[in-house]
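An overview of the molecular structure
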Amino acid sequence: MPLLLHDKVLLGCAAVLAVGLAGGGYLLGDGLRRAKAADRSVTVRGLAEKDVTADLATWSISYSATGFDLPAVRAEIDNNTRELRAYFASLGFRPNALSPTGAGVNQYINNGVNTITITQRMLLRTTDIARAQRAVAQQFDLVRRGVTLQEGSGMRYSFTKLNDIKPSMVAAATKDARAAAEQFARDSGARVGGIKSATQGYFSIEARDGEADGASDTPYKKVRVVTTVDFYID
């Protein structure tokens, strides 16, 4: 039976629709494939380390005198303060490098006797690290001068220029991360693309040689940062 014009039109529309669906399916499938390929990535960590030397030294110094007469105890503390200043002056420190940070007076009665203790606190602050080290090394001279430092009096070394080295260290850590990603890509027959995302870890300052007493007790330090980078894989 010959096809009517209406039937021919319907068949033509169906054929066009089929071709359109097939083309659309191909484009959809190809788009999904390309999207999946573009989403391929590898996450790696990069490490950067840098040895630095402290640029600030602070020494919190506490000493005390004990007696039964307030003027006598005060006179002893004043003498200790003069000897302390003379000690640092002998090492070449300027007078303003040493400043008082507080004092305390404690009185108590023991067997009817009034006992008085005066505690004086001073702070040495200097950027001359070598001179600060000499002051610590020769501090027994303070004992010979009659000044006995209380427990907890110690030198602290600080590195204050972290912001100056942050950019170069982040770049070095990112470079280290890319090297790890490229090794992974070579092993899997792929190629490393651009950065998909990156997270900078926190900067840590530790004792360079692993001293047990901590980073603040040594001027020689190691700065570390770890970055986490997600690279595209082609």
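Residues numbered from 1 in each chain as written. Predicted model: local features only at pLDDT ≥ 70, side-chain atom pairs only at ≥ 80, totals over all residues. Heavy atoms only, no water.

What to know about the overall build of the chain
Check the secondary structure of the chain and you find 5 helices and 8 strands. The secondary structure elements of the chain, listed N-terminal to C-terminal, are α-β-β-α-β-β-α-α-β-α-β-β-β. In the chain, which comprises 234 residues, the proportion classed as buried is 31%. Long-range contacts, defined as pairs at least 24 residues apart, comprise 76% of the intrachain contacts of the chain with a sequence gap of at least 6. Total accessible area on the chain is roughly 14,600 Å²; 55% of this is exposed by carbon and sulfur atoms. (Helix = DSSP H or I, 4+ residues; strand = E, 2+ residues; numbered from the N terminus. Buried < 20%, exposed > 50% of the residue type's maximum accessible area, 1.4 Å probe, protein only. Contact = heavy atoms within 4.5 Å. Areas by Shrake-Rupley, 256 points an atom, 1.4 Å probe, with all protein chains shown as cover.)

Quick word on the sheet that holds strand S3 (residues 98-110)
Across the sheet, which stays open at both edges, the 4 strands sit in the order S3-S4-S2-S5 with antiparallel pairing between neighbours. Where the open sheet ends on each side, the last strands, each with one partner, are S3 and strand S5 (154-158). Across this sheet, the average inter-strand angle for adjacent strands is 15 degrees, counted without regard to direction. Pairing of strand S2 (residues 56-67) with strand S4 (residues 113-126) involves 11 bridges; the strand directions are antiparallel. Looking across to S4, one finds that Thr-66 is bridged to Thr-117. This element, helix H2 (residues 70-90), spans S2, S3 and S4 of the sheet and lies at about 155 degrees to S2. Across the sheet, helix H3 (residues 129-137) is in contact with S2, S4 and S5; its angle to S5 comes to roughly 160 degrees. (Pairing = 2+ DSSP bridges. Axes fitted to C-alpha atoms, helices over the stretch in contact; angles between N-to-C directions.)

Describing the environment of Ala-54
Examined against the element boundaries, Ala-54 turns out to sit in the loop between strand S1 (41-53) and S2. Sequence separation between Ala-54 and Thr-218 is 164 residues, and the spatial gap between their C-alpha atoms is 8.1 Å.

A word on the pattern of salt bridges
Pairs may arise between side chains of opposite charge once their charged atoms sit close together. Counted by the stated rule, this structure contains 8 salt bridges. For Arg-145, the salt bridge is made with Glu-83, and the minimal N-O distance between the two is 3.1 Å. Note that Arg-145 is positioned in the loop between helix H4 (140-144) and S5 and Glu-83 in helix H2, a separation of 62 residues in sequence. You can call Arg-145 partly exposed: its relative accessible area is 25%. Overall, the relative accessible area of 24% leaves Glu-83 in the partly exposed class. We note a salt bridge from Arg-144 to Asp-141, for which the minimum N-O separation is 3.4 Å. With Arg-144 and Asp-141 both in helix H4 and 3 residues apart, this pair spans about one turn of that helix. Exposure remark for Arg-144: the relative accessible area of 60% places this residue in the exposed category. Among the charged side chains, a salt-bridge network with shared partners connects Glu-83, Asp-141, Arg-144 and Arg-145. (Salt bridge = Lys/Arg side-chain N within 4 Å of Asp/Glu carboxyl O.)

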